[in-house]
Structure formats: C-alpha cells, structure tokens
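Examining the three-dimensional arrangement
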Amino acid sequence: MDSLLAHLSDSIAAAQSLEDLTRPLLEMLEAVSGFESTYLTLIDFERGVQKILFSRNVQELLIPEGLTVSWDDTLCKRAMDEGRLYTGDVAACWGDSDAARQLGIQSYVSAPVVAHGSVYGTLCAASSAQRPLPDDAQKILKLFSRLIAQHVEREQLLERLKHANMELAAMASTDQLTGLPNRRLLLAELTRSLARGKREGSTVLVGLVDLDGFKRINDQYGHDAGDAFLAAISRRLQAAVRATDLIARLGGDEFAVVGPGPTPDGDPEAAARNLARRLTEATVGQLDLGTVALDYAGASVGIVAIAPDTADAEGALKQADAAMYQVKRERQAGPGAAVAPRS
C-alpha cells in the first residue's frame, strides 16, 4: 500500500493533462483489482453513446480505446441504474448487454466520474473470467474516480476562463453596434502594417471615412434610424475592401481603413485613389433603415499612402484625417444634399 500511495502521489503531481493522470491510475487499478482491463469512459447523454477514452489491457480481454457503444447497452448504465457497482457474473446479472457479450466480459466493477454535479463518464475494471473483487479495490476505484473528476473540473474551469477571456478580448477590441474592430484594434493593426511595410519597402494605405449628414439622420429620424444607418454603411464598407484591408469604426460617424500599399515598383498614389473611389461608391445609394428609406449621396473619404519610415500609427491617422477633411471641404462647396428621403 505504501508503494501505491507513493506512485499515486507522484502521478498526481506530474499530471499535466487528463491522460497524464489517468494512465498511471489505470495501471494501479489493475494491480489492486487483479482485473484484466481497466478503462475510463466518456458518456455523451445527448447522443446516447459511451466512448472508451483510455484503457489498459494486460491479458486476453481487449477494451479498445476509441470504442463507442450505445449507452443503453452498457454495463455502466445498468450498474448506475441499479446501484450495483460490482458483479462477478455479468452473464447472469446483465446477460442482455450485447456489448458485454461481444467483448467477453464476465467480471465488472465501475464508479461514476461526477464533475460539477454531472456524470462525465465512468472508471471501470473488467475481466473475461469470474473474479472476486478484493476488499480495498472498490474504495480505491472510488478514490481514483474522484481524483479524475477533480482534474476534469479543473480542465472545464480553465476552458470556461479561456472562453471568457476571449469574449472579453473581443469586446475590448470590437465596436458593439457594427461588429467592426474599434480604434484600439485598428491602431494595433496599423502599427503591425507599418512595421511590415518598413521590412518590405512598401507603403501602407490608411484612410478615414466620415459620414456626411449623419447628425441630420439622428436629429430628424431618431437614434434607431441612425444606428441602422451606421450598421448598413459598415456592411457596405466591409464588402468594398480587399481581404487584406481592415475596416474599423473609430466612433460616432467616423470609420477608418488600413491595408497594404502596392509593391515597391507600383504606384501608391493610384492605389490610394482607387481605394478611396471604392469606399466612396460603396456608401452612395439607397438605404432602407426600417423606419425610413434614404438616398445617401455618400461619405467623405480620404486615403493616403504612408511611407512607413515617415510616421507612426497616430501620425498616419492624422495624415488620413487631413486628406478626408480636404475631400469634405470640396464636397461642401459642391451642390446637393448629403441625405434625402426616398420617395
């Protein structure tokens, strides 16, 4: 028993995964019980199946890892339903189990693995011959099942924490109304793009999009219509950019775009003009906002090609902002309203 406790202590301390913990426990369970096969199962109650996760087979009886059987046909279900964890005569006790008959199981013992109040699976031992169960074996089996359950609970908790952290990270970098990246994520991407452009000797396209007439939509038709307008425009902008471009909402009625410029032998100014044209055209046209339908004359779009060694991320945005305001001044000097109700 002392050697068992020492082995158990070492196994728990060294385990980094469920498999790391389970395999030495199966070996110890085989030594204590004298049964031919020891194994851990996973139960999928929704699908109605039980799967062998890890197994140890030392004689003729073979319980293969990955074996999946109907839960209703298992000895584990019968044992749990009847509160009978051990039988030395499976054929007489549960002869209706096809899985047990096909595997040749005659002696069987199991304990449920209960994690966070729900049955995760079972820890089992089986033999092809009728065998008595040593006095201490069932206690040790239950102890091992609790140890596995505790490890499963830790893994499940870590997975929940990981998922929660991912959600928090997404919330911290995403605009909740449009689903677009926010300013924080844009600046990070722009910084990476400038560093990549410096390595490759290419420019970076940076632009700002300002939705002219947005205040009028909010004032005249209400904030719900304004939100619908922002969401509709964001979808159009996303559809207009390249797969390598990033569209973000900076806040209010202002959006930004960052993307790679042409190769060093290309024309960065022409690339900037082409991107500005695509984004401008994407914002022009009819918009159905639910409570109102509008004809929108388009946004003011300013795109600049930034040489990476001339500006950091904030400086690049300032240059794009200046280009956008130049476009806005030119548009304001021209005829026509930015927004008109659609008849």
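Whatever comes next refers back to the structure up there.
The residue numbers shown here count from 1 along each chain, following its written sequence. With pLDDT at 70 or above as the cut-off, local features in this predicted model cover only qualifying residues; side-chain atom pairs require 80 or more to be listed or tallied, and sums for whole chains, interfaces and linings still use all residues. As a rule here, side-chain values cover all heavy atoms of the structure and leave hydrogens and water aside.

Some words on the pattern of salt bridges
Any carboxyl oxygen of Asp or Glu that lies within 4 Å of a side-chain nitrogen of Lys or Arg is treated as forming a salt bridge with it. Under the criterion given, the structure shown has 18 salt bridges. The salt bridge partner of Glu281 is Arg277, with a shortest N-O separation of 3.6 Å. Linking Glu281 with Arg277, this pair stays in helix H10 (residues 268-283), spanning four residues, or about one helical turn. Relative accessible area serves as the criterion here: at 41%, Arg277 is assigned to the partly exposed category. Through salt bridges with shared partners, one network takes in Asp210, Asp212, Lys328 and Arg331. Labels follow the DSSP assignment, with helices taken as runs of H or I lasting at least four residues and strands as runs of E lasting at least two, numbered in each case from the N terminus. Think of it in three bands: residues with accessible area under 20% of the maximum for their type are buried, residues over 50% are exposed, and the middle band is partly exposed, with areas taken using a 1.4 Å probe on protein chains only.

A short note on helix H2 (residues 18-33)
Taking 1.5 Å per residue as the helical rise, H2 with its 16 residues ought to reach 22 Å, and the 22 Å between its terminal C-alpha atoms agrees with that figure. Every buried residue belonging to H2 is among Leu18, Leu21, Thr22, Pro24, Leu25, Leu26, Met28, Leu29, Glu30 and Ser33, and all of these are buried. Note on H2: the residue one or two positions beyond its end, Gly34, has a positive phi of about 80°. In this scheme, a helix's expected span is set at 1.5 Å multiplied by one less than its residue total.

Here we look at the side chain of Asp73
Position of Asp73 relative to the elements: it lies in the loop between strand E3 (68-70) and helix H3 (75-82). This buried residue, Asp73, is left without a salt bridge; Arg78 holds the nearest opposite charge, at 4.1 Å. N or O atoms within 3.5 Å of each other form a polar contact, as long as, within protein, one can give a hydrogen and the other can take it, and as long as residues adjacent in sequence are counted only when both atoms are side-chain atoms. Of the polar contacts made by the side chain of Asp73, one reaches the backbone nitrogen of Ala99; its length is 2.7 Å. The criterion used for residue contact is that any of the two residues' heavy atoms lie within 4.5 Å. In this view, Asp73 contacts Arg78, Asp96, Ser97, Asp98 and Ala99; residues no more than four positions away in its chain are not counted. The convention is simple: Lys and Arg are positive, Asp and Glu are negative, and His and the chain ends are not counted.

Quick word on the sheet that holds strand E5 (residues 107-115)
An order of E3-E2-E1-E6-E5-E4 is seen for the six strands of this open sheet, with the pairing classed as antiparallel. Bordering the open sheet on either side are E3 and strand E4 (86-87), each of which pairs with just one other strand. Here, a strand pair is defined by DSSP locating no fewer than two bridges between the strands. Across eight bridges, the pairing between strand E1 (residues 37-44) and strand E2 (residues 49-57) is antiparallel. The residue of E2 that forms the bridge with Leu40 is Phe54. Most of the contacts of H2 go to E2, to which it runs at about 65°, and overall it touches E1, E2 and strand E6 (118-127). For helices, the axis comes from a line fit to the C-alpha atoms of the stretch in contact; other axes are also lines fit to C-alpha atoms, and the angle between any two N-to-C directions lies between 0 and 180 degrees.

So, H3
Listing the buried residues of H3 in full gives Leu75, Cys76, Arg78 and Ala79. Each buried residue of H3 sits inside an arc of 165° when the element is viewed along its axis, so together they form one side. If you follow the buried residues of H3, they end up packed against E2, helix H4 (90-93), helix H5 (98-103), E5 and E6. Backbone geometry just after H3 places Gly83 at a positive phi near 65°. Each C-beta atom gives one direction from the helix axis, and the arc is the one those directions make.

Here we look at a nonpolar patch on the surface
Excluding any residue in a salt bridge, patches collect residues exceeding 30% relative accessible area, merging like charges within 9 Å and nonpolar Val, Leu, Ile, Met, Phe, Trp and Tyr side chains within 5 Å. In this description, accessible areas are obtained by the Shrake-Rupley approach with a 1.4 Å probe, and a residue is regarded as covered only by the protein chains that are shown. Nonpolar side chains collect at one region of the surface, where Leu157, Leu158 and Leu161 lie side by side and expose about 290 Å² of accessible area between them. With respect to the element layout, Leu158 can be found in helix H6 (residues 137-173).

Digging into the pairing of E2
Hairpin connection from E1 to E2: four residues lie between these consecutive antiparallel strands, with Gly48 at a positive phi of about 70°. Examined bridge by bridge, E2 and E3 share three bridges and lie antiparallel to one another. Considered in E3, the bridge of Lys51 is made with Thr68.

Observations concerning the environment of Val58
Looking at the element boundaries, Val58 is found in the loop between E2 and E3. Overall, the relative accessible area of 34% leaves Val58 in the partly exposed class. The spacing of Val58 and Gly222 is 164 residues in sequence and 75 Å in space, taken between C-alpha atoms. With residues near it in sequence (within four places) discarded, Val58 still touches Glu30, Phe35 and Glu36.

Side note on the nonpolar core
If you look at the biggest cluster of nonpolar residues, it comprises 32 residues, and the most contacted ones within it are Val209, Leu211, Phe229, Leu279, Leu289 and Ile303. Mapped by element, the contributors of at least two residues to this core are strand E7 (204-210), helix H8 (214-221), helix H9 (223-240), strand E9 (254-260), H10, strand E11 (293-296) and strand E12 (300-306). It is H9 that provides the largest number of residues to this core, a total of seven residues. Membership of the second largest hydrophobic core comes to 27 residues, among which are Met28, Val113, Ala149 and Val152. The term nonpolar core refers to a set of buried residues drawn from Ala, Val, Leu, Ile, Met, Phe, Trp, Tyr and Cys, joined through side-chain atoms within 4.5 Å.

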